[in-house]
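Inside the fold
Chain by chain, the residues:
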Amino acid sequence: MDRSLIDQLIETVHQELIPKLQIESIDPHDPVKISYLPYPWQKLGAGNYAAVVYHPDYPNWVVKIYAPGRPGFEEEVEVYRRLGSHPAFSECLYATEGFLILKRLHGVTLYDCIQRGLRIPKKVIKDIDQALDYARRQGLYPHDVHGRNVMMYQGRGLVVDISDFLDEEKCSKWNNLKRAYYWLYRPIFSPLRLRLPYFFLDIVRKSYRLLSKLKKFCDRILYKIYRN
Ligand SMILES: Nc1ncnc2c1ncn2[C@@H]1O[C@H](COP(=O)(O)OP(=O)(O)O)[C@@H](O)[C@H]1O
Ligand SMILES: [Mg+2]
């Protein structure tokens, strides 16, 4: 890793990106919006907390900037500290005031794979399982592992978003995604080469949220009934 190149990048981020960039989180359940991105920065992705961009002169790193008012920056820094170096995860090179400079992971999110009809081999799922086991051994709790937070690159699996890994509350998203992979994707979608358009994936995402809320609500009621 070339330290002087990273120092240059840090300076560029402080001088040319952060003062001009405009991002906002309109709804905490939807990805943040970049309303202005100074040239020549390029958008790589957006999650519900932050936007991720890169500079063409520094193609191996990305900058993840939290939208104003969205929490989780300090936690994400701590997760990267505990993760150290592992091939399925990114690494944090620098972090301050709501943004992080991370190693760029090349690849396509599984969400985009489904939409583009790219075949996802079993190895990708197994790699991610192993990476999550590694995270557990580092004292972390894999959380919020869904289709936009995992990627495929040259037939291997990567975990791109670890920001909620300090959250000890049980999260079933990865198990549900795996269930959908083995029960729906492998027997039906993959052989028929079916692609799912974004609006359909969006409906799945929103119904999933609704069903999870409903389940929590029912669990609470059942708990109250049986406790009495
Ligand atoms: N290190 C990285 N390398 C390449 N792309 C990334 C990287 N980190 C994030 N991305 C892209 O940016 C998107 C949003 O980043 P993410 O960390 O999931 O944000 P959030 O915490 O808001 O959910 C991801 O879905 C992915 O497409
Ligand atoms: Mg994310």
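Note: the structure precedes this text.
If you're wondering where the values come from, they're calculated on a predicted model, not measured in any experiment.

1. Quick notes on the coordination of the magnesium ion (ligand 2)
Protein-derived ligands of the magnesium ion (ligand 2) are N149 (OD1) and D161 (OD), with the metal-ligand distances lying across 2.3 Å. Taken as a pair, N149 in the loop between α4 (122-137) and β9 (150-153) and D161 in the loop between β10 (156-159) and α5 (173-192) lie far apart in primary sequence, 12 residues in all.

2. Points about the site of ligand 1
Neighbouring residues of ligand 1: 21 residues in total, closest Y49, A50, K64, L105 and R148. Contact between ligand 1 and L105: a nitrogen atom at 2.8 Å from a main-chain N or O atom of the residue. Starting from 540 Å² of accessible surface for ligand 1 in isolation, the protein chains cover 94%. Here the shell around ligand 1 gets three residues from one element, more than from any other, and that element is strand β3 (residues 42-46). Residue composition of the shell around ligand 1, by class: nine nonpolar, seven polar and five charged. Built from parts of two domains, the shell around ligand 1 gets at least three residues from each of domain 1 (3-103) and domain 2 (108-201).

3. Observations concerning the pairing of β10
Examined bridge by bridge, β9 and β10 share four bridges and lie antiparallel to one another. Bridge pairing in β10 links Y153 to R156. A loop of two residues connects β9 with β10, the two strands running antiparallel in sequence, and Q154 in this loop sits at a positive phi of about 50°.

4. Brief notes about unusual backbone geometry
Backbone torsion omega between Y39 and P40 reads 0°, so that peptide bond is classified as cis. In this fold, P40 is placed in the loop between β2 (33-36) and β3. Notably, D144 is not glycine yet its phi reads approximately 65°, a positive angle. You can see D144 is positioned in the loop between α4 and β9. D144 gets classed as buried once you look at its relative accessible area, which sits at 13%. Residues other than glycine seldom take positive phi values, yet R193 does so here, at roughly 55°. Following the sequence through the fold, R193 ends up in the loop between α5 and α6 (198-227).

The rules behind the values
- Residues numbered from 1 in each chain as written.
- Chains lettered and ligands numbered in written order.
- Predicted model: local features only at pLDDT ≥ 70, side-chain atom pairs only at ≥ 80, totals over all residues.
- Heavy atoms only, no water.
- Donors = N, O, S within 2.8 Å, 3.2 Å for Na, K, Ca; no water.
- Helix = DSSP H or I, 4+ residues; strand = E, 2+ residues; numbered from the N terminus.
- Near = heavy atom within 4 Å.
- Polar contact = N/O pair within 3.5 Å; in protein donor to acceptor, adjacent residues only side chain to side chain.
- Areas by Shrake-Rupley, 256 points an atom, 1.4 Å probe, with all protein chains shown as cover.
- Nonpolar A, V, L, I, M, F, W, Y, C, P; charged D, E, K, R; others polar.
- Domains from an automatic or database assignment.
- Pairing = 2+ DSSP bridges.
- Buried < 20%, exposed > 50% of the residue type's maximum accessible area, 1.4 Å probe, protein only.

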